[in-house]
Amino acid sequence: MTEVRRTGAASASLWEREEEVATLTRAIDTLCADRSSSGSLLEARGEAGLGKTALLAETRRIAEARGCTVWSARGGETLRSVPFNVVRQLLQPALVSMLPEEAREYLGDWYDIAGPALGIADPGERRADPQGVCDGLVAAVRRLARREWPLVLLIDDAHWADQETLRWLAAFADRLDETSVLVVIARRPGDVSGDSARLLDAASALGRPLAPLNALTPEATAGLTRATLGDHADAAFCREVWAVTGGNPYEAVELLARTQDSELEPVEAQAAELRPLNRSARGGGLVARLEQLGVDSTRFAWAAAILGSGITVDMVARLATLDHDDAARCAELLRNARILAATDPAAGQPDVCELEFVHPLIATAVYNSIPGALRTAMHGIAAQLLADSRLGAAAASRHLLQVYPDDDPEVVEQLREAAREHLAVGAPDAARRCLERALEEPPLPDRHARVLYELGCASLLTAPATTIGHLRTALAMPGLDGEQRFNAVFRLSEALVHNNQLEEAVRTVEAEAARNPDPSARLRMQAVQYMWEGIHPGETSSPGRSARLAELAGTCTGRDNTERALLILRGFDAMTRGENAEEVVELCDRTLVNGRLASGLGWTDNEWGLELPMMLANCYAYTDRLDRAEALFTEALRAYETAGWSGGHLALAHTYVGLGHRRRGRLKEAEATLRESLRIAERVGRGLPLYWSAVCNLVDVLLARGHVEEARSVADRYGFDPPYPSTIVLPEPRSVRGRLLLATGRVKEGINELEAAEKSAAARGRHNPVVAPWATELARALAAEDPARAARLASDARRQAERFGTDTAIGEALRCAAALETGQRAVRLAAQAVAYLESSPCQYEHAAARVEYGIAARSAAELNRGLALADSCGADGLVARAREALAAGSLS
């Protein structure tokens with residue numbers, strides 16, 4: 001038998017790990033060579049005991065020897081319910097060592113967003129947006145990486161990391177090409193499921209795996225045995241070490257340590273003693289060995305396993321009801337027995353001596369050895385200790401989750417408070433778990449509905465279907481009255497909308513309004529009903545809705561937010577129906593307070609949501625009041641960025657900022673903004689209305705730019721085809737898709753799509769020719785095969801445009817009419833279109849009208865003016881058309 005000698009590794013657990021160590025060394029050297037280099041992620045994957053932790057320890061040794069900063073953290077099997085636990089371990093030591101002003105300076109605008117999640121700042125009054133907090137944590141690490149370069153991040157037992165950390169890890173891994181940092185994670189191949197598995201796998205997929213960790217060969221085990229016990233260890237003894245441990249490095253190291261402790265001679269005659277020794281190092285054997293250390297040491301170890309983190313002699317003494325001296329003695333015994341070890345001072349507070357289990361296998365064995373009833377009781381005591389230590393209800397909540405329900409109102413209130421704390425730092429899943437557990441207690445009858453309501457609000461965005469059930473149950477119980485009942489109904493309707501049940505949302509609010517005897521509350525409910533009906537593109541709104549809304553809004557002066565809401569809804573309805581634009585603007589202006597959104601109707605206010613300010617801004621956008629629209633869209637973007645809302649709200653804000661650019665004629669800026677909107681919307685999830693808004697507007701802009709193939713590619717890539725979403729999208733998607741089909745030569749399909757847009761508009765009475773320009777597009781498409789119908793469509797479009805009354809609408813209708821004519825009739829209509837669009841703020845349409853007029857009038861001067869305008873807009877297709885006409889000659 002040939003003995004294998006290990007080279008270049010410091011730990012006994014690193015036998016036969018030369019390839020992995022070499023890969024890690026190269027990654028560290030690459031990091032240190034150039035601070036502008038891209039970051040990288042390496043993953044060590046293997047079953048328990050195969051040396052993952054040893055590899056991370058070796059990585060630390062190599063990195064520190066090269067002058068790297070190294071931060072490390074470890075997931076815990078009993079700590080997976082603690083949000084941000086692992087990322088806090090990683091970052092807190094560096095951040096806590098800074099002065100508050102220094103930490104604020106480094107984190108910048110992200111301090112108030114990510115700081116509460118990291119435990120270095122108090123949370124604000126609003127619920128934190130989970131995606132915003134995740135983005136803030138990514139930004140925090142990127143900034144700290146620049147400060148601490150070269151930086152190495154080590155995450156052990158990533159399969160036991162909390163879900164919030166895994167969300168950050170997946171997002172951070174996706175941006176490693178922009179950050180010079182090395183991340184090394186160790187994980188088991190299983191032991192994780194659901195969203196946590198998806199997030200961890202997403203992070204792993206963005207990195208590179210180290211060579212698979214396998215058990216040691218007999219030769220390596222022999223080398224390890226002789227390196228530990230001496231060269232006189234004979235071959236039969238070494239072979240038995242391998243057979244007993246299966247080549248598991250952790251078990252081999254522990255067995256050899258036990259062999260040394262027992263002074264067993266490493267010869268064949270003593271090999272039979274190895275199996276009993278091995279059993280004492282794990283599972284039941286470990287528990288038996290622990291019990292041999294005495295009752296106090298066993299209680300100490302149990303208490304440490306219950307705590308899981310923050311294990312100090314003082315805290316364990318209180319939980320195990322030991323005096324401090326006895327507890328200190330037990331800690332020493334457990335360290336000598338290689339059950340506990342002192343944490344690395346560099347990884348925690350230097351003035352606090354914390355303990356940790358030597359290996360996760362030991363922690364699991366000790367935790368599982370605690371009798372069930374006692375384990376539950378100890379979790380309850382631990383919760384009380386944490387509460388008494390003023391660490392907050394959230395810190396105690398993971399223990400309360402393990403306590404048996406016992407009709408305890410105080411536990412319910414603690415869990416409700418913990419849920420509020422979790423929501424404040426951006427951990428809605430943790431809040432949901434607390435409130436679900438509170439319901440099991442259960443709450444007192446007068447509190448039950450409130451807990452259900454809070455649970456519904458906590459799960460609104462993450463699980464709308466679940467929210468619906470909770471809120472319906474809450475509303476069927478006593479305990480929600482007045483403002484709380486209104487809020488519950490409103491949140492229920494929101495959940496139904498998010499769950500693509502918009503019609504049910506309308507009916508729910510309508511029924512509540514009908515049964516409410518309070519006129520003020522009934523009016524608010526009616527406003528909510530009209531709001532959901534207003535964004536519904538289908539045919540299910542009640543007959544005479546617009547007339548009733550106009551009558552109701554006619555009595556409103558804008559004295560409170562209910563009246564302001566009704567005025568916005570009436571203005572939006574009038575705008576989409578193509579009623580007089582001046583009257584629409586007058587309605588909208590009455591909703592503002594000193595030219596600004598009223599308190600409670602702002603972009604981040606929860607009283608009404610974002611729908612109303614979005615409707616208001618779109619009214620201005622489509623009535624040619626682009627200054628007001630752009631101010632509102634920009635305010636939305638700034639408000640969401642400042643508040644750290646980087647999910648669906650931010651995606652919509654970018655979409656409508658892009659819409660503002662599109663309306664103004666800044667097509668390049670519109671495309672860039674809409675691509676950013678789509679990037680954010682992708683993270684939220686495909687198929688949602690906000691996703692449709694981003695795709696629809698981007699296709700519209702690309703068509704305006706003349707980038708037809710790119711528009712088709714975007715439409716194909718993102719599924720821009722029926723079925724359409726259940727909420728309204730601006731501009732009207734059938735009109736945009738019909739134009740795309742025509743531009744790509746699918747004329748028959750394009751006509752069919754535009755005719756479907758015609759039917760949809762007729763069913764809802766939505767005749768605004770700017771929001772839904774199907775008529776002008778269809779007229780152009782039918783000009784050759786059915787000129788009579790095309791003329792009727794163009795005439796109707798002009799009538800609707802004149803009814804609406806904006807320069808843009810009338811100019812676009814005249815452009816269409818000119819396109820259907822020839823000779824001087826076409827020239828006159830084209831000139832009229834230019835006159836209107838010259839007064840419009842929509843420069844792309846103005847440029848198109850100039851080019852078309854130049855072609856009709858054969859005027860080089862007009863073509864050059866149109867060319868200059870088109871070029872300033874970024875309308876490449878229009879530029880090419882103008883140049884082609886100029887090159888053709890025969891111009892005046």
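What comes next concerns the included structure. Along each chain, the written sequence defines residue order, and numbers are assigned to residues from 1. Only residues with pLDDT of 70 or above have their local features reported here, since the model is predicted, and side-chain atom pairs are shown and tallied only from 80 upward, although totals for entire chains, interfaces and linings are computed over all residues. Computation of side-chain values: all heavy atoms of the structure, hydrogens and water removed.

### A word on helix H43 (residues 860-873)
Move 1: Put simply, DSSP marks the helices as runs of H or I at least four residues long and the strands as runs of E at least two long, and each gets a number from the N terminus on. How far a helix is expected to stretch is found by multiplying one less than its residue total by 1.5 Å. Over its 14 residues, H43 runs 20 Å from end to end, which matches the ideal 20 Å to within 8%, given 1.5 Å per residue.
Move 2: We call a residue buried when its accessible area falls under 20% of the maximum for its residue type, exposed when it is over 50%, and partly exposed in between, using a 1.4 Å probe and counting protein chains only. Residues of H43 that are buried include every one of Glu862, Leu863, Gly866, Leu867, Leu869, Ala870 and Cys873, and no others.
Move 3: Here the buried face of H43 lies against helix H33 (667-684), helix H42 (843-857) and helix H44 (876-888).
Move 4: Backbone geometry just downstream of H43 places Gly874 in the positive-phi region, at approximately 85 degrees. Here, residues are in contact when the closest pair of their heavy atoms is within 4.5 Å.

### Some words on the sheet that holds strand E3 (residues 151-156)
Move 1: Any two strands with at least two DSSP bridges between them are considered paired. Pairing is parallel in the open sheet, where five strands are placed in the order E2-E3-E4-E1-E5. This sheet does not close on itself; its edge strands, each paired only once, are strand E2 (69-74) and strand E5 (208-209).
Move 2: Bridge count for strand E1 (residues 40-45) against strand E4 (residues 181-187) is six bridges, and the pairing is parallel. Residue pairing in the sheet places Glu43 in a bridge with Ile185 of E4.
Move 3: To obtain each axis, a line is fitted to C-alpha atoms, and for helices this fit is confined to the stretch in contact; angles are then taken between N-to-C directions over 0 to 180 degrees. Packed on one face of the sheet, helix H2 (residues 52-65) meets E1, E2, E3 and E4 and runs near 165 degrees to E3.

### Observations concerning unusual backbone geometry
Move 1: For the bond running from Pro722 to Pro723, omega is 5 degrees, close enough to zero to count as cis.
Move 2: The topology assignment puts Pro723 in the loop between helix H35 (708-717) and helix H36 (733-743).
Move 3: Geometrically, the link from Leu730 to Pro731 is a cis peptide bond, its omega value of -5 degrees lying close to zero.
Move 4: Its place among the elements puts Pro731 in the loop between H35 and H36.

### A few points about the packing of helix H22 (residues 445-458) against helix H23 (residues 464-475)
Move 1: The N-to-C vectors of H22 and H23 enclose an angle of 155 degrees; their axes lie 8 Å apart at closest approach. As summarised for this structure, H22 and H23 are arranged roughly antiparallel, according to the angle between their axes. As for how H22 packs across H23, the hand of that crossing is left-handed. Taken together, the residues of H23 that come into contact with H22 (itself represented by Ala449, Leu452, Tyr453, Leu455 and Gly456) are Thr467, His470, Leu471, Thr473 and Ala474.
Move 2: Charged means Asp, Glu, Lys or Arg here, nonpolar means Ala, Val, Leu, Ile, Met, Phe, Trp, Tyr, Cys or Pro, and polar covers whatever is left, Gly included. Class assignment of the residues belonging to the contact of H22 with H23 gives a composition of six nonpolar, four polar and no charged. Every angle not falling under 35 degrees, over 145, or within 65 to 115 is termed oblique; those three ranges are roughly parallel, roughly antiparallel and roughly perpendicular. Here is the rule for handedness: rotate from the far helix to the near one, and if that takes an anticlockwise turn smaller than a right angle the crossing is left-handed, while a clockwise turn gives right-handed.

### Description of the side chain of His422
Move 1: Position of His422 among the secondary structure elements: in helix H20 (residues 409-424).
Move 2: Excluding residues that lie within four positions of it along the chain, His422 makes contacts with Pro83, Ala394, Ser397, Ala427, Ala430, Ala431 and Cys434.

### Focus on the pattern of salt bridges
Move 1: Whenever Lys or Arg places a side-chain nitrogen within 4 Å of a carboxyl oxygen from Asp or Glu, that contact is recorded as a salt bridge. Within the structure shown, the criterion is met by 74 salt bridges.
Move 2: A salt bridge links Asp624 to Arg663, with the shortest nitrogen-to-oxygen separation between them at 3.9 Å. Separated by 39 residues along the polypeptide, Asp624 in the loop between helix H30 (611-622) and helix H31 (626-643) and Arg663 in helix H32 (residues 648-664) bring together distant segments of the chain. Of the two residues examined, Asp624 and Arg663, each falls in the buried class.
Move 3: Two residues, Arg739 and Asp700, come together in a salt bridge whose shortest N-O distance is 2.2 Å. Of the two residues, Arg739 sits in helix H36 while Asp700 sits in helix H34 (residues 689-705), which places them 39 residues apart along the sequence. A single burial state applies to Arg739 and to Asp700, both of which are buried.
Move 4: Residues joined by salt bridges that share partners form a network here, namely Glu533, Arg545, Arg570, Asp573, Arg577 and Glu579.

### What about the packing of helix H24 (residues 482-498) against helix H25 (residues 502-515)?
Move 1: Where H24 contacts H25, the axes come no closer than 7 Å and their chain directions differ by 160 degrees. The angle between H24 and H25 falls in the class roughly antiparallel. Here the hand of the crossing between H24 and H25 comes out right-handed. Of the residues in H25, those in contact with Arg485, Val489, Leu492, Ser493, Leu496 and Val497 of H24 are Leu502, Glu504, Ala505, Thr508, Val509, Glu512 and Arg515.

### Points about the sheet that holds strand E8 (residues 354-357)
Where strands meet in a sheet, backbone hydrogen bonds hold them as pairs that are either parallel or antiparallel.
Move 1: Taken in spatial order, the three strands make up an open sheet running E6-E8-E7, and their pairing is antiparallel. With one partner strand each, in any of the chains shown, strand E6 (311-312) and strand E7 (340-342) form the two edges of the open sheet.
Move 2: Against the sheet, helix H16 (residues 324-336) engages E7 and E8, with an angle of about 105 degrees to E7.

### Side note on the state of the cysteines
Move 1: Cysteine sulfur atoms are paired as a disulfide whenever they come within 2.5 Å of each other. Considering all chains together, one arrives at zero disulfides under this definition.
Move 2: Left unpaired, Cys457 is separated from the closest cysteine sulfur, that of Cys434, by 16 Å.
Move 3: As a non-bridged cysteine, Cys556 has Cys588 as the owner of its nearest cysteine sulfur, 14 Å distant.

### Brief notes about the environment of Ala757
Move 1: By the secondary structure assignment, Ala757 is in helix H37 (residues 747-764).
Move 2: Note on Ala757: relative accessible area 2%, which makes it buried.
Move 3: As a C-alpha pair, Ala757 and Trp774 span 17 residues in sequence and 6.4 Å in three-dimensional space.
Move 4: Those residues in contact with Ala757 that lie beyond four places of it in its chain are Glu732, Arg734, Ser735 and Trp774.

### Quick word on the environment of His649
Move 1: Relative to the helices and strands, His649 resides in helix H32.
Move 2: Between the alpha carbons of His649 and Thr604 there is a distance of 9.0 Å; along the sequence they are 45 residues apart.
Move 3: Those residues in contact with His649 that lie beyond four places of it in its chain are Leu610 and Tyr640.

Purely geometric stuff here, so don't read any function into it on its own.
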